[in-house]
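What follows is each chain in one-letter form.
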Amino acid sequence: MANVAHTNGAILIGALVSALLSGAVTTQTFVYYRIYGGDDYKRNIIIVSLLWLLDSLHLSMAFASAWIYLIQNWGNDHIYDFIPWTIALTVALTAIVTLISHCFFAHRVYILSGCSWWLTSPILLLAVGRLAAALVSTSEMIGLRSYEAFVDQVGWVFTMGLSLSTTVDVLITVSLIALLQRSRTGFSTVTDHLIDIVTLYTFETGLVTSITTAVSLICWLTMPRNLIFLALHFSISKLYATSTLATLNARKSLRRRTRQPDQHILPMISSLHEAQSQTQREPGELLDVGVKTYPEDAINAVPARPVQRIRIATKVDAKPTNDAAVAQGEEAALGPPGAGAEEPYGSPRHRHPPPLPYILPV
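So, how was this worked out
Residues numbered from 1 in each chain as written. Predicted model: local features only at pLDDT ≥ 70, side-chain atom pairs only at ≥ 80, totals over all residues. Heavy atoms only, no water. Helix = DSSP H or I, 4+ residues; strand = E, 2+ residues; numbered from the N terminus. Buried < 20%, exposed > 50% of the residue type's maximum accessible area, 1.4 Å probe, protein only. Contact = heavy atoms within 4.5 Å. Areas by Shrake-Rupley, 256 points an atom, 1.4 Å probe, with all protein chains shown as cover. pLDDT = per-residue confidence, 0-100. Core = buried A, V, L, I, M, F, W, Y, C linked by side-chain atoms within 4.5 Å. 1 Å grid on protein atoms, 1.4 Å probe; cavity = no way out; pocket = protein on both sides within 12 Å on 5 of 7 lines; lining within 4 Å. Points joined across faces, edges and corners; volume = space filled by probe spheres on them. Nonpolar A, V, L, I, M, F, W, Y, C, P; charged D, E, K, R; others polar.

S.K.: Help me understand the overall build of the chain in this model?
M.R.: Each helix and strand in the chain was counted, giving ten helices and zero strands. Along the chain, helices (α) and strands (β) appear in the sequence α-α-α-α-α-α-α-α-α-α when read from the amino end. Relative to its full complement of 362 residues, the chain shows a buried share of 43%. Within the chain, contacts between residues at least 6 apart in sequence are counted, and of these 79% link residues at least 24 apart. Taken as a whole, the chain presents about 19100 Å² of accessible surface, with 64% of it coming from carbon and sulfur.

In structure tokens form, the structure reads like this:
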């Protein structure tokens, strides 16, 4: 084995970095329960709780390994080639967290693809294969207890596990980006803007996890006789957990972006018929609909535009004489159908994009 800087030093740095990333996982977990509490899907609550518990257990195993290398076996030259059971367990825990994250994003691919198992099945099969390779590696590490023997006998299994993990990351990222771009409306709408945001976020999260896994794989293939690959491997599970939790926490802010910008320009009322249910008012008094109202001069100052059937605050008599008078007042406020319309409602200029809840994770 290599010297102390490439073995014990790598274990120490890997444990410290994983502690920082574990703090991000804990923060995301706290934010999730702060935003959603117990109001979210039960599946998501289980995923969040399980990821946090597995991450905490992984962190404890990483520091237990550092204790074994740096304190318990200080000055022991044979420790450089020794695999403690805590190191082996971190490999299995990383694989389990990775599988949960892959299944979470595979579910998004399944929904966006219109429930296509042809696209989702390869992702799930490769993710399960990655878990199987990691479990075999864990079992062999515990049995062999030597890095030299592990590299010579079953090192290819560990290589296959990291390779499958990188492949699944690339497949998920490419599939989500392609499906999201296919959902674009072609107009400069809120929906297209939301799709651009989700696409960029998907690319960034997939890039971080795939690059970290690929770099760990490269270090393992080029430097199998030291533990630098293991320092990077400690961080993989933290990044997968963080990306999954951050995606869940971003749903509410992304959904707020789907509001139409013209929904809050002027205060609205349901119709002039709702005036009958209000408290009796003096003629000419503005209706109080629970939102900020504007004086007549402010409303009249709005530039003229084609009249559409929108509902705005207006002055009405509190006591209409009969239904005919109410209908007459409503027609006067809204204008006759088609009056002053330059183009029909529903044209691309006035079309509102349909809500796309399938874009957001559930």
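And the narrative resumes.
S.K.: Whenever I open this one, unusual backbone geometry confuses me. Can you help?
M.R.: For residues besides glycine, phi is generally negative; the peptide bonds are generally trans as well. Although it is not a glycine, cysteine 115 adopts a positive phi angle of roughly 60°. As for its position among the elements, cysteine 115 is in the loop between helix H3 (85-112) and helix H4 (117-144). Residue class for cysteine 115 comes out partly exposed when judged on its relative accessible area of 42%. Of note in this structure, arginine 145 is not a glycine but carries a positive phi near 60°.

S.K.: How do you make sense of the environment of serine 101 when you look at a structure like this?
M.R.: Note that serine 101 resides in helix H3. In this structure serine 101 comes out as buried when scored by relative accessible area, which is 2%. Filtering out sequence-adjacent residues up to four positions away, serine 101 remains in contact with Tyr240, Ser243 and Thr244.

S.K.: Is there a simple way to think about the confidence of the model for the chain in this case?
M.R.: Of all residues in the chain, 68% attain a pLDDT of 70 or more, and the chain-wide mean is 76. Across residues 260-359, confidence stays below pLDDT 50; counting only partners more than four residues off in sequence or on other chains, it has 102 contacts.

S.K.: Can you help me understand the nonpolar core in this one?
M.R.: Side chains of a nonpolar character, in soluble globular proteins, are inclined to be buried together. Ranked by internal contacts, the top residues of the largest apolar core, which has 68 residues, are Ile11, Tyr69, Ile87, Leu227 and Leu230. In terms of residue count, H3 provides more of this core than any other element does, 13 residues in total. The residues contacting leucine 230, other than those within four sequence positions of it, are Ile11, Ile87 and Tyr147.

S.K.: How should I be thinking about empty space enclosed by the protein in this particular structure?
M.R.: A water-sized probe rolled over the atoms picks out the places where empty space is left. Taken as a whole, this structure holds two cavities of 30 Å³ or more when the rule is applied. Roughly 130 Å³ of volume is contained in the largest cavity. Considering the residues around the largest cavity, the lining is formed by 14 residues, among which Phe105, Ile172, Thr205, Gly206 and Thr209 are closest to the centre. Taken together, the elements giving at least two residues each to the lining of the largest cavity come down to H3, helix H5 (147-182), helix H6 (190-222) and helix H7 (228-249). Of the residues in the lining of the largest cavity, the class split is four nonpolar, eight polar and two charged.

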